[in-house]
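Here is how the chains run, residue by residue.
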There are 2 protein chains.
Amino acid sequence: METEKGSRNDPLVDGDPGGEQLPQPEVADIELVKVLQALGDPVRLWLLKVYADGDQYSCRPGALGLDHLHKSTVSHHMRILRESGVTSTRVVGRNRYVRLRREDLDARFPGLLDALIGALPY
Amino acid sequence: METEKGSRNDPLVDGDPGGEQLPQPEVADIELVKVLQALGDPVRLWLLKVYADGDQYSCRPGALGLDHLHKSTVSHHMRILRESGVTSTRVVGRNRYVRLRREDLDARFPGLLDALIGALPY
DNA sequence: GGTGCTGTTTGATGGTTGTCAAACAGTTTC
DNA sequence: GAAACTGTTTGACAACCATCAAACAGCACC
């Protein structure tokens, strides 16, 4: 089949990237202690910076500035971020479209995400 | 010797409680990842609430609402909070005068502490 | 359709952590 | 000075965690 909804080189658009959403907690079920636990790690704090700068279509270590880590390790970190409620992931082809859950986090913990992003050492 | 600088039943005053300050990081050396690591634990997140409500003159588990924990465990948590830069501790007699480092944290990570306290589930 | 790419899962491993118990050090009080 | 109290330190132990490697699954592209 030909590519009907856009090839991988298409520019990032605002709309729905399509694909199936990976399991994640409801807004009301996001727990502060789990968010802090998720972000209390150098690698995942780095990923917060990456996703604060924009959505990503790839989880490749190289694409995320994590070339020193094995891809299974990165996958592990992505899962923790998603299951804690920090990020949202959609399966698009063989890639994963990952974004920060800004509105959900702002609704649940007002001001927290902005303060965290502003406090990043990068 | 008689009590010359106030007995343990004196009311809490705003001024210097006296005593020697336990080692803690300089403001500029407070690291975000260590603060998040420190607060990414149910017990220490509870202690954040306790100290957000006011300074404490005791580290006894019962005085902190941690009756289910051994005193050495509480001491361990207090150390992590202090060494991460969240709290400040002074030795006063046989007690410890512990307080939140509000101004230091506000200076280093503007808005973070308020957002965290506002997000507490207690 | 086969090859290559992206990402997940499982297992193994070394390091970290939360907890308790016991011993210890200062301090207060009698 | 002895007894009681507060808190620290050390050791032990189970649970958890970050990491890698290998195997696997789904998709893309030729």
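Residues numbered from 1 in each chain as written. Chains lettered and ligands numbered in written order. Predicted model: local features only at pLDDT ≥ 70, side-chain atom pairs only at ≥ 80, totals over all residues. Heavy atoms only, no water.

### Description of the overall build of chain A
A tally of helices and strands in chain A yields five helices and three strands. When the elements of chain A are put in sequence order from the N terminus, they spell out β-α-α-α-β-β-α-α. Across the 122 residues that make up chain A, the buried fraction comes to 39%. Contacts spanning at least 24 positions in sequence make up 63% of the contacts within chain A whose residues lie at least 6 apart. (Helix = DSSP H or I, 4+ residues; strand = E, 2+ residues; numbered from the N terminus. Buried < 20%, exposed > 50% of the residue type's maximum accessible area, 1.4 Å probe, protein only. Contact = heavy atoms within 4.5 Å.)

### Here's the deal with the sheet that holds strand S1 (residues 20-21) of chain A
Residues and elements named next belong to chain A. The strand order across the open sheet formed by three strands is S1-S2-S3, and the pairing between neighbours is antiparallel. Of all strands in the sheet, those with a lone pairing partner are S1 and strand S3 (95-100), marking the two edges. Looking at chain direction, S1 and strand S2 (residues 87-92) are connected through two bridges and run antiparallel. In the sheet register, Gln-21 faces S2, and the bridge partner there is Arg-90. (Pairing = 2+ DSSP bridges.)

### Remarks on the protein's contact with DNA strand C
Near DNA strand C you find 25 residues, and of these Lys-71, Ser-75, Arg-79 and Arg-94 of chain A together with His-77 of chain B are the closest. Counting only the atoms of DNA strand C within 4 Å of the protein, the fraction contributed by sugar and phosphate is 68%. At 2.7 Å from a base nitrogen of DNA strand C is found a side-chain nitrogen or oxygen belonging to Arg-94 of chain A. Broken down by secondary-structure element, the contributors of at least two residues to the surface near DNA strand C are helix H3 (71-84) and S3 of chain A together with helix H3 (71-84) of chain B. The biggest single contributor to the surface near DNA strand C is H3 of chain B, with five residues. Of the residues belonging to the surface near DNA strand C, the class tally is four nonpolar, 13 polar and eight charged. (Near = heavy atom within 4 Å. Polar contact = N/O pair within 3.5 Å; in protein donor to acceptor, adjacent residues only side chain to side chain. Nonpolar A, V, L, I, M, F, W, Y, C, P; charged D, E, K, R; others polar.)

### What about helix H1 (residues 32-39) of chain B?
Most of H1 of chain B sits out of view: six of its eight residues are buried. Of all the residues in H1 of chain B, the buried ones are Leu-32, Val-33, Val-35, Leu-36, Ala-38 and Leu-39 of chain B. Its buried side turned inward, H1 of chain B meets helix H1 (32-39), helix H2 (42-52) and helix H5 (112-119) of chain A together with helix H2 (42-52), H3 and helix H5 (112-119) of chain B.

### Details of the confidence of the model for chain A
This prediction gives chain A a mean pLDDT of 89; 85% of its residues lie at or above 70. Here residues 1-13 of chain A is modelled with pLDDT under 50, and outside its nearest four sequence neighbours on either side it reaches two contacts, counting other chains as well. (pLDDT = per-residue confidence, 0-100.)

### Here's the deal with the protein's contact with DNA strand D
Looking at DNA strand D, there are 26 residues lining it, with His-77 of chain A together with Arg-60, Lys-71, Ser-75 and Arg-79 of chain B nearest. When the atoms of DNA strand D within 4 Å of the protein are sorted by group, sugar and phosphate make up 69%. The backbone of His-70 of chain A places a nitrogen or oxygen atom 2.8 Å from a phosphate oxygen of DNA strand D. Contacts to DNA strand D include Arg-94 of chain B, whose backbone N or O atom sits 3.3 Å from a sugar or linking oxygen. For the surface near DNA strand D, the secondary structure elements donating two or more residues are H2 and H3 of chain A together with H3 and strand S3 (95-100) of chain B. A total of five residues in the surface near DNA strand D trace back to one element, the largest contributor, which is H3 of chain A. Taken together, the residues of the surface near DNA strand D sort by class into five nonpolar, 13 polar and eight charged.

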